[in-house]
Amino acid sequence: MAEKRFFGLKNWLNFIQSFNHLLFPETCLICQDELSVSSTSVCSICSGELLFTHFEKYTEPTDLDKLFWGRVQLTSTFAMLFFEKGKSTQKILHALKYQSRPAVGIEFGKMIGEKIKDNELFSSVDLIVPVPIHPKKKFVRGYNQSEQLAIGISKALLVPTTNHFIEKINHTESQTKKGRFARWDNVARNFTIQQINSKIKHILIVDDVITTGATLEALVRSIQEKKPELRISIVSLAITK
Ligand SMILES: [Zn+2]
């Protein structure tokens, strides 16, 4: 007996999606050209021109590894894109932080995960931890951009992510008035480290962009004070060139 189905639910959803796309076409977040329905948030041309660091192919220490030398001990580091003012990476970060596009974080997080998943140094990671933002900021933005990246990385590495291990406290007072040391101390006191399962041996901290590394240094120090045996790696969407 032939099944009489006029239009399945999936077809209806596709139809609605296409119609929606016709009315509100999605545009590439870098060049603003219209995207095709199934496309990602960046068009194929812009994807080809992303400022990849290619750190995953390095056999020598990268600039990111060197940034933390003599500061904190890390198992491994990775940043996927170079950040330059006015270039594509800045537009991606802007969309992620200020244009309410959390899906961009997941999309780029998956991309990061794909790049590091075959790296032996990252293979023992058993928990992915995003750098927290202040709850007030999260409330205004609706999400933590590093958490979105962490979700994407988690999907690619098949490793769980949590936002309960590190919590952000205190609203930072104006940092510009303080000296360098006071500023560092101020950053360090902004995090509290919670208990985690003792089976966790290697965590991967996720950030959106690394400039001086001061926040991550403070964070890693706070964790190592409490859990010196824990191995720590860091990964970031971008690093300033
Ligand atoms: Zn484009």
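The following refers to the structure shown.

One pass over the full model with this rule turns up nine salt bridges. With a shortest N-O distance of 3.8 Å, K87 and E84 are connected by a salt bridge. Two residues, D208 and K97, come together in a salt bridge whose shortest N-O distance is 3.7 Å. Of the two residues, D208 is situated in strand β5 (residues 202-210) and K97 in helix α4 (residues 88-98); the sequence distance between them amounts to 111 residues.

Another point: the packing of aromatic side chains. The final tally for this structure, using the stated rule, is two aromatic pairs. A ring pair is formed by F55 and Y58, whose centres lie 5.3 Å apart and whose planes are at 75 degrees; its orientation type is edge-to-face. For Y58, a relative accessible area of 42% gives the class partly exposed. Taking the centre distance of 5.8 Å and the plane angle of 90 degrees together, the rings of F55 and F82 count as edge-to-face. Here F55, found in the loop between α2 (44-48) and α3 (63-67), pairs with F82, found in strand β1 (residues 77-83); they are 27 residues apart in sequence, far enough to count as distant. A relative accessible area of 7% places F55 in the buried class. What makes F82 buried here is its relative accessible area of 14%. Taken together, the aromatic side chains of F55, Y58 and F82 make up a single cluster linked through ring pairs.

This part covers the coordination of the zinc ion. Around the zinc ion, the protein contributes the donor atoms C28 (SG), C31 (SG), C43 (SG) and C46 (SG), at 2.3 Å from the metal centre. Taken together, the four donor atoms surrounding the zinc ion define angles of 105 to 115 degrees at the centre, an arrangement classified as tetrahedral. Relative accessible area serves as the criterion here: at 0%, C28 is assigned to the buried category. Residue C46 is classed as buried on the basis of its relative accessible area of 8%.

Moving on, we get to unusual backbone geometry. If you check the backbone angles, H54 has positive phi at about 60 degrees while not being a glycine. Given a relative accessible area of 36%, H54 falls into the partly exposed group. Of note, the phi angle at L158 is positive, near 60 degrees, even though the residue is not glycine. On the secondary structure map, L158 appears in the loop between α8 (145-157) and β3 (166-168). Residue classification places L158 among the exposed residues on the basis of a relative accessible area of 74%.

This part takes up the pairing of β5. Summarising burial for β5: eight of the nine residues are buried, a large majority. Bridge analysis of strand β2 (residues 127-130) against β5 gives four bridges, and the strand direction is parallel. Its bridge partner lying in β5, P130 is registered against V206. Bridge count for β5 against strand β6 (residues 231-240) is eight bridges, and the pairing is parallel.

With that settled, consider the environment of F108. One can find F108 in helix α5 (residues 102-116). For F108, a relative accessible area of 1% translates into the label buried. Taking the C-alpha atoms as reference, F108 lies 10.0 Å from T40; in sequence the two are 68 residues apart. If we skip the residues at most four places from it in the chain, F108 touches S41, V42, L50, M80, L81, I92, L149 and L237.

Attention now moves to α5. Along its 15 residues, α5 runs 22 Å from first to last C-alpha, staying within 8% of the 21 Å computed at 1.5 Å per residue. V104, G105, F108, G109, I112, G113 and I116 are the residues of α5 that are buried. Against the buried residues of α5 lie β1, α4, α6 (120-123), α8, β5 and β6.

Moving on: the pairing of β6. Counted residue by residue, β6 has eight buried out of 10 residues, so it is predominantly covered. Across six bridges, the pairing between β1 and β6 is parallel. Bridge pairing links F83 to T240 in β6. Once you follow β5 into helix α10 (residues 214-226) and on to β6, the crossover reads as right-handed.

Conventions we followed
- Residues numbered from 1 in each chain as written.
- Predicted model: local features only at pLDDT ≥ 70, side-chain atom pairs only at ≥ 80, totals over all residues.
- Heavy atoms only, no water.
- Salt bridge = Lys/Arg side-chain N within 4 Å of Asp/Glu carboxyl O.
- Helix = DSSP H or I, 4+ residues; strand = E, 2+ residues; numbered from the N terminus.
- Phe/Tyr/Trp six-rings, centres within 6.5 Å; stacked < 30°, edge-to-face > 60°.
- Buried < 20%, exposed > 50% of the residue type's maximum accessible area, 1.4 Å probe, protein only.
- Donors = N, O, S within 2.8 Å, 3.2 Å for Na, K, Ca; no water.
- Tetrahedral: all angles 85-135°; square planar, octahedral: opposite > 155°, others 65-115°.
- Pairing = 2+ DSSP bridges.
- Contact = heavy atoms within 4.5 Å.
- Expected span 1.5 Å × (residues − 1).
- Right-handed = clockwise from strand over helix to strand, strands pointing away.

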